[in-house]
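Observations on the model geometry
Single-letter residue listing:
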Amino acid sequence: MDVNGTVAEGFEPVREAFVRNFEVLGERGAAVAVYRDGRRVVDLWAGTKDVDGTADSAPWERGTAQIMRSATKGVAAAALLLLHQRGLLDLDAPVGEYWPEFKAVGKERVLVRHVLSHRAGLPVLDEPLTPEEALDPLRGAEAVARQALVWEPGTDHGYHALTYGWLLGELVRRVTGRGVGDWIAEEIAGPVGADLWVGLPAAEAGRVGRSGRVEAPGNAGGLRSRPKRSVTEAYDDPASLTRRAFAAITPFPDQNDAAYRAASLPATNGIATAEGLARFYASLVGEVGGGPRLFTPGTLAAARAEESAGPDRVLVINTRFGLGYMLHGSASPFLDTGSFGHPGRGGSLGFADPESGIAFGYVTNGFSKTVTADARAQALVRGVRAAL
């Protein structure tokens, strides 16, 4: 395997894990980047740009980007937290204070805090959107505003797989007057110099490879060789909260479609380079290359303070969430107990660990069946841990 890029002295275990992902775990094309204390210490890429590529296909290059699925949620969460940091949004205010139409059918008690911590009680749509409808952020917001609660807000938690994006996106629009993708580009990605987008500009479309499903051989070093029966049954049951949460758009759009990539869906369709994702997380906790530190100590503490923990009503496993971020735990191990970030279903991962100064980004064009802890990403995390 021809691996490109560099690793700083001491971080060779990450490169070894990256090579093994191609040799053993079925990787097709991917990149990983790591920052430590604002300095890039790992920047690697390999394989083909497209998941279905052959040896003659275009190679993955520096700057190749990929859709990161739910790792988008960690980027989008920063928008709400920064609005709070600037005094423009109260995390303990009802969502309806900013979005009056949202108060319909008994949702007056849903707080902004509940949206970020997956406690809003709105993980499903009784009337799923079509792919065409989902590309219009106003249609998604209108659907969520009409939706009745599944549980009393704040009393339980369950992963808002798709509705999270419409909830968060509409709050940003109501507070700022701007779409969430534009806000992220102008207030986050641009200032810190991160190659990431929620709503891919046409000028960047050529950088993004085709993604698709891959099957890793054998157990492939995952956390579990087979999911628990309860998890499998939940995904198979059309009436379960699990199945309905992931079916809020039915059928799910083609992630390689140009219109889907250009839309702004802050729960699922962010696109980034591994370096851009790692740089974003590095900028949450410190300065990078003279750019701004995004989170104050108070905002950082809020982001990773546990808000939800225990059995997740949607994912049917134990999960931990702060405000907008998954926290280190059995469902999605990061580096250590203080780490916070977000995985993307099937592979991608971004997180920061303030205590060690580590920020991590991994993107791939091959999506596995995993939801929160992909074997390839976890191998790279272990490589980082071995380097410290």
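Below: a short report on this structure. Given the structure is predicted, the values throughout are model-derived calculations rather than measurements.

**Observations regarding the pattern of salt bridges**
Charged atoms that come close allow side chains of opposite charge to pair. This model, assessed by the stated rule, comprises 24 salt bridges. Between glutamate 275 and arginine 40 there is a salt bridge; the shortest N-O distance is 3.1 Å. One end of the pair, glutamate 275, is in helix H12 (residues 274-285); the other, arginine 40, is in strand E3 (residues 39-47), and 235 residues separate them in sequence. Notably, a salt bridge pairs arginine 86 with glutamate 187, separated by 3.2 Å at the nearest N-O pair. One end of the pair, arginine 86, is in the loop between helix H2 (72-85) and helix H3 (95-98); the other, glutamate 187, is in helix H8 (residues 180-192), with 101 residues separating them in the sequence. One salt-bridge network, held together by shared partners, links Arg40, Asp43, Arg62, Glu275 and Arg279.

**As for unusual backbone geometry**
Cis geometry is adopted by the peptide bond preceding proline 251, which originates at threonine 250 and carries an omega value of -10 degrees. Topologically, proline 251 is positioned in the loop between helix H10 (241-246) and helix H11 (258-262). Backbone geometry places aspartate 37, a non-glycine residue, at a positive phi of 50 degrees. Take aspartate 37: it is sitting in the loop between strand E2 (29-36) and E3.

**Some thoughts on helix H1 (residues 12-23)**
Helix length check: H1 (twelve residues) gives 17 Å between terminal C-alpha atoms against 16 Å at 1.5 Å per residue, within 8%. Taken together, the buried positions of H1 are Val14, Ala17, Phe18, Val19, Asn21 and Phe22.

**What about helix H14 (residues 375-387)?**
Relative to the 18 Å expected for 13 residues at 1.5 Å per residue, H14 spans 19 Å between its end C-alpha atoms, a close match to the ideal helical length. The element H14 is largely enclosed, with a buried count of ten among its 13 residues. Tucked into the core, H14 has its buried residues touching H1, E2, strand E12 (349-353), strand E13 (358-364) and strand E14 (366-367).

**Points about the packing of aromatic side chains**
Two aromatic rings are characterised by how far apart their centres lie and by the angle between their planes. Counted by the stated rule, this structure contains twelve aromatic pairs. With a centroid separation of 5.3 Å and an interplanar angle of 80 degrees, the aromatic rings of phenylalanine 18 and phenylalanine 22 are classed as edge-to-face. Taken together, the positions of phenylalanine 18 and phenylalanine 22, both in helix H1 and four residues apart, correspond to about one turn of that helix. Like phenylalanine 18, the residue phenylalanine 22 is buried in the burial classification. Taking 5.0 Å as the distance between ring centres and 20 degrees as the angle between the ring planes, the aromatic pair formed by phenylalanine 351 and phenylalanine 360 counts as stacked. The buried category is assigned to phenylalanine 351, whose relative accessible area is 0%. For phenylalanine 360, a relative accessible area of 0% puts it in the buried group. Among the aromatic residues, those joined into a cluster by ring pairs are Tyr159, Tyr235, Phe246 and Phe321.

Conventions we followed
Within any chain, residue numbers begin from 1 and follow the written order of that chain's sequence. Per-residue local features of the predicted model are confined to residues with pLDDT of at least 70, and side-chain atom pairs are confined, for both listing and counting, to 80 or more; whole-chain, interface and lining totals are unaffected and use all residues. The basis for the side-chain values is all heavy atoms of the structure; hydrogens and waters are excluded. Any Lys or Arg side-chain nitrogen found within 4 Å of a carboxyl oxygen on Asp or Glu counts as a salt bridge. We count a stretch as a helix when DSSP gives it H or I for four or more residues in a row; a strand needs E for two or more, and each element gets its number in order from the N terminus. Any helix carries an expected span of 1.5 Å times its number of residues minus one. Here the term buried applies to any residue with accessible area under 20% of the maximum for its type, exposed to any over 50%, and partly exposed to those in between, with areas from a 1.4 Å probe on protein chains only. Contacts are residue-level and defined by heavy atoms, with any inter-residue pair within 4.5 Å sufficient. Working definition: rings of Phe, Tyr and Trp (its six-membered ring) pair if their centres are within 6.5 Å, and the pair is stacked with planes under 30 degrees apart, edge-to-face with planes over 60 apart, and tilted otherwise.

These results come straight from atomic positions and should not be treated as a statement about function.
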